[in-house]
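# A structural walkthrough
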Amino acid sequence: QVQLAESGGGLVQPGESLRLSCAASGFTFSSYAMSWARQAPGKGLEWVSGIVDDGKNTDYTDSVKGRFTISRDNAKNTVYLQMNSLKAEDTALYYCASGWSHITDWGQGTQVTVSS
């Protein structure tokens, strides 16, 4: 069955960096676009970033453009989210998902907390 396992979350101070990883299994990873989404406390789910199957095209929500970078390693069935210059408003549970315009599966999430 499909499994998406996020890791790399944690507690950091404003301005610091984190790299999230999502290890995928149970499907042909290299054939799927992948996404990251997040849910902040008391708020709805927000799409953060997407990457196409070969990694050649990416996109980001406006609030993270220039700070976050999505990438993937199809040999390792893993998608990453490099998050730099983190802000308090980036605090959320971050989810990995298979798909982009149409999400097919979700991971269980990894918590990112940005606080001084």
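For the structure itself, consult the block above.
Conventions we followed
Sequence order as written defines residue numbering, which begins from 1 separately in each chain. Per-residue local features of the predicted model are confined to residues with pLDDT of at least 70, and side-chain atom pairs are confined, for both listing and counting, to 80 or more; whole-chain, interface and lining totals are unaffected and use all residues. Note that the side-chain values use all heavy atoms of the structure and ignore hydrogens as well as water. Note on pairing: DSSP must find at least two bridges between two strands before they are called paired. By definition, any uninterrupted DSSP run of H or I lasting at least four residues is a helix, any uninterrupted run of E lasting at least two residues is a strand, and each is numbered from the N terminus. The convention used is that axes are lines fitted to C-alpha atoms, helices contributing only their stretch in contact, and that angles between N-to-C directions extend from 0 to 180 degrees. Any two residues whose heavy atoms approach within 4.5 Å at even a single point are treated as in contact. Only buried residues count toward a nonpolar core, which is a set of Ala, Val, Leu, Ile, Met, Phe, Trp, Tyr and Cys residues joined through side-chain atoms within 4.5 Å. Think of it in three bands: residues with accessible area under 20% of the maximum for their type are buried, residues over 50% are exposed, and the middle band is partly exposed, with areas taken using a 1.4 Å probe on protein chains only. For this analysis, a salt bridge means a side-chain nitrogen from Lys or Arg found within 4 Å of a carboxyl oxygen belonging to Asp or Glu.

For the rest of this paragraph, the subject is the sheet that holds strand S3 (residues 18-25). Read across the open sheet, the four strands follow the order S1-S3-S8-S7; overall the sheet is antiparallel. Each edge of the sheet is formed by a strand with only one pairing partner; in this case those strands are strand S1 (3-7) and strand S7 (68-73). Each adjacent strand pair in this sheet contributes to an overall mean axis angle of 15 degrees, direction not counted. Direction of pairing for S1 relative to S3: antiparallel, over a ladder of five bridges. In the sheet register, Ala-5 faces S3, and the bridge partner there is Ala-23.

What follows is about the side chain of Thr-61. Here Thr-61 is to be found in the loop between strand S6 (58-60) and S7. If near-sequence neighbours (up to four positions away) are discounted, Thr-61 is found in contact with Glu-46, Trp-47 and Val-48.

Before going further, it helps to spend a moment on the nonpolar core. Considering soluble globular proteins, one finds that nonpolar side chains tend to be buried as a cluster. Of all hydrophobic cores here, the largest spans 26 residues; its most connected members are Met-34, Trp-36, Phe-68, Val-79, Leu-81, Met-83 and Tyr-94. In terms of residue count, S3 provides more of this core than any other element does, four residues in total. Those residues in contact with Val-79 that sit more than four places away from it in its chain are Leu-20, Ser-21, Cys-22, Phe-29, Met-34, Trp-36, Ile-51, Ile-70, Ser-71, Arg-72 and Cys-96.

Counting buried positions over the seven residues of strand S9 (residues 92-98) gives six, a clear majority of the element. Alignment of S9 against strand S11 (residues 110-114), held across three bridges, turns out to be antiparallel. Within S11, the position partnered with Tyr-94 by the bridge is Thr-110. When S9 meets strand S10 (residues 105-106), the two strands line up antiparallel, connected through two bridges. Each residue of the ladder has a partner; that of Ala-97, found in S10, is Trp-106. Linkage of S9 to S10, two consecutive antiparallel strands, is achieved through a turn of six residues, within which Gly-99 is found at a positive phi near 105 degrees.

Counting across every chain of the model gives four salt bridges. The salt bridge involving Asp-90 is made with Arg-38; its shortest N-O contact spans 3.0 Å. Linking Asp-90 in the loop between strand S8 (78-83) and S9 with Arg-38 in strand S4 (residues 34-39), this pair joins segments that are 52 residues apart in sequence. Take Arg-38: its relative accessible area is 6%, and that puts it in the buried class.

Our focus in this paragraph is the environment of Asn-84. The topology assignment puts Asn-84 in the loop between S8 and S9. On the basis of relative accessible area, Asn-84 is assigned to the partly exposed category, the value being 29%. In this structure, the C-alpha to C-alpha distance between Asn-84 and Ile-70, residues 14 residues apart in sequence, is 12 Å. Sequence-distant contacts of Asn-84, that is, excluding residues within four places in its chain, are made with Glu-16, Ser-17, Arg-67 and Phe-68.

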